[in-house]
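Listed below are the residues making up each chain.
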Amino acid sequence: MNDKTDLRIIKTNKVLFEALITLMREKTFEKIKISDICDVALINRSTFYAHYEDKYELLLALIEDLKDNLLIELKKNEVDSLSKEYFMELLRILIDHIDKKRDVYSAILSHNKNGIFIDFLIDVVNRDLAKRLKDDQEVIKSNLPVDIITKFYLGGIINIGVDWIINPDKYKKEQILLYLDKLIPDKI
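Residues numbered from 1 in each chain as written. Predicted model: local features only at pLDDT ≥ 70, side-chain atom pairs only at ≥ 80, totals over all residues. Heavy atoms only, no water.

Talk me through the packing of helix H6 (residues 102-110) against helix H9 (residues 146-166); I want residue IDs and the actual numbers.
Axis separation between H6 and H9 bottoms out at 9 Å; the angle between their running directions is 95°. Relative to H9, H6 is oriented roughly perpendicular. Note on element contacts: H9 touches H6 through Val162, Trp164, Ile165 and Ile166, opposite Arg102, Tyr105, Ser106 and Leu109. Across the contact of H6 with H9, the residue classes tally to 6 nonpolar, 1 polar and 1 charged. (Axes fitted to C-alpha atoms, helices over the stretch in contact; angles between N-to-C directions. Helix = DSSP H or I, 4+ residues; strand = E, 2+ residues; numbered from the N terminus. Parallel < 35°, antiparallel > 145°, perpendicular 65-115°, else oblique. Contact = heavy atoms within 4.5 Å. Nonpolar A, V, L, I, M, F, W, Y, C, P; charged D, E, K, R; others polar.)

Summarise the nonpolar core; cite the residues concerned and give the values.
Formed by 57 residues in total, the largest nonpolar core has its most connected members in Leu20, Ile37, Phe48, Phe117 and Phe120. The set of elements that each furnish at least two residues to this core consists of helix H1 (2-26), helix H2 (34-41), helix H4 (55-74), helix H5 (84-100), H6, helix H7 (115-134), H9 and helix H10 (173-183). Not counting the four nearest positions on each side in its chain, Phe117 is found in contact with Tyr105, Ile108, Leu109, Val162 and Ile165. (Core = buried A, V, L, I, M, F, W, Y, C linked by side-chain atoms within 4.5 Å. Buried < 20%, exposed > 50% of the residue type's maximum accessible area, 1.4 Å probe, protein only.)

Quick rundown of unusual backbone geometry? Include the residues and the values.
A positive phi angle, close to 60°, is found at Leu42, a residue other than glycine. Owing to a relative accessible area of 75%, Leu42 belongs among the exposed residues under this scheme.

If you had to explain the packing of aromatic side chains to someone new, which residues and values would you point to?
Two aromatic rings are characterised by how far apart their centres lie and by the angle between their planes. With the rule as written, the count across this model stands at 5 aromatic pairs. The interplanar angle of 90° and the centroid separation of 5.4 Å between the aromatic rings of Phe48 and Tyr49 together place this pair among those described as edge-to-face. You can call Tyr49 partly exposed: its relative accessible area is 40%. Ring geometry for Tyr86 versus Phe87: centroids 5.1 Å apart, planes at 70°, classification edge-to-face. The exposure class assigned to Phe87 is buried, which follows from its relative accessible area of 1%. Here the aromatic residues Phe48, Tyr49 and Tyr52 are joined through ring pairs into a cluster of three or more. The ring of Phe29 has Lys55 sitting right over it, with the charged end atom 4.8 Å from the ring centre. (Phe/Tyr/Trp six-rings, centres within 6.5 Å; stacked < 30°, edge-to-face > 60°. Lys NZ or Arg CZ within 6 Å of the ring centre and 35° of its normal.)

Before we move on, could you go through the pattern of salt bridges and cite the residues and values that matter?
Applying the stated criterion across every chain, the model contains 12 salt bridges. A salt bridge links Lys14 to Glu18; its shortest N-O distance comes to 3.9 Å. One end of the pair, Lys14, and the other, Glu18, are both in helix H1, 4 residues apart, so they sit about a helical turn from each other. Taking the relative accessible area as the measure of exposure, Glu18 reaches 39% and is therefore partly exposed. A salt bridge links Asp181 to Lys84, with the shortest nitrogen-to-oxygen separation between them at 3.4 Å. Taken together, the positions of Asp181 in helix H10 and Lys84 in helix H5 put the pair 97 residues apart, joining distant regions of the chain. The structure contains a network of salt bridges with shared partners spanning Asp96, Asp99, Arg102 and Lys173. (Salt bridge = Lys/Arg side-chain N within 4 Å of Asp/Glu carboxyl O.)

Structure (structure tokens):
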């Protein structure tokens, strides 16, 4: 019985996430009502409230799900040293992740240019960067504070990623990676 319950919860979360994404393509998050979400998801309000306290908790759950997926993908970056190779692999992973979930990201950004999304991307990439920078001998020798290095690269990565989501036809994925390859120094 527990497996069925878990499967039902997973399915309910999926339809609620999809409903929220659909509605965020049409209007701002602030204008979305619980009843709108339930109508699109084809569920009762009582089912919604059995899973979430309000629409903000649903949005946070959606963002946490995206964050968890991205963290798993970033762990696939096997480059240990803080190098151009590491940053290029991080960027490939991030851009591939965004590309696979473009509909979700563009829905969040199309009418909802709020800080939650940017905070999510910054948090995930910052975790990976900080973890790798902390023990990197070259960084230790450079006497540059880890937080300064992290914020410097994060600013560029996040701005390029957000611009690419908002303007998907401006540059192809391969072009962005080529430009970034030219911008990131060989020795960091």
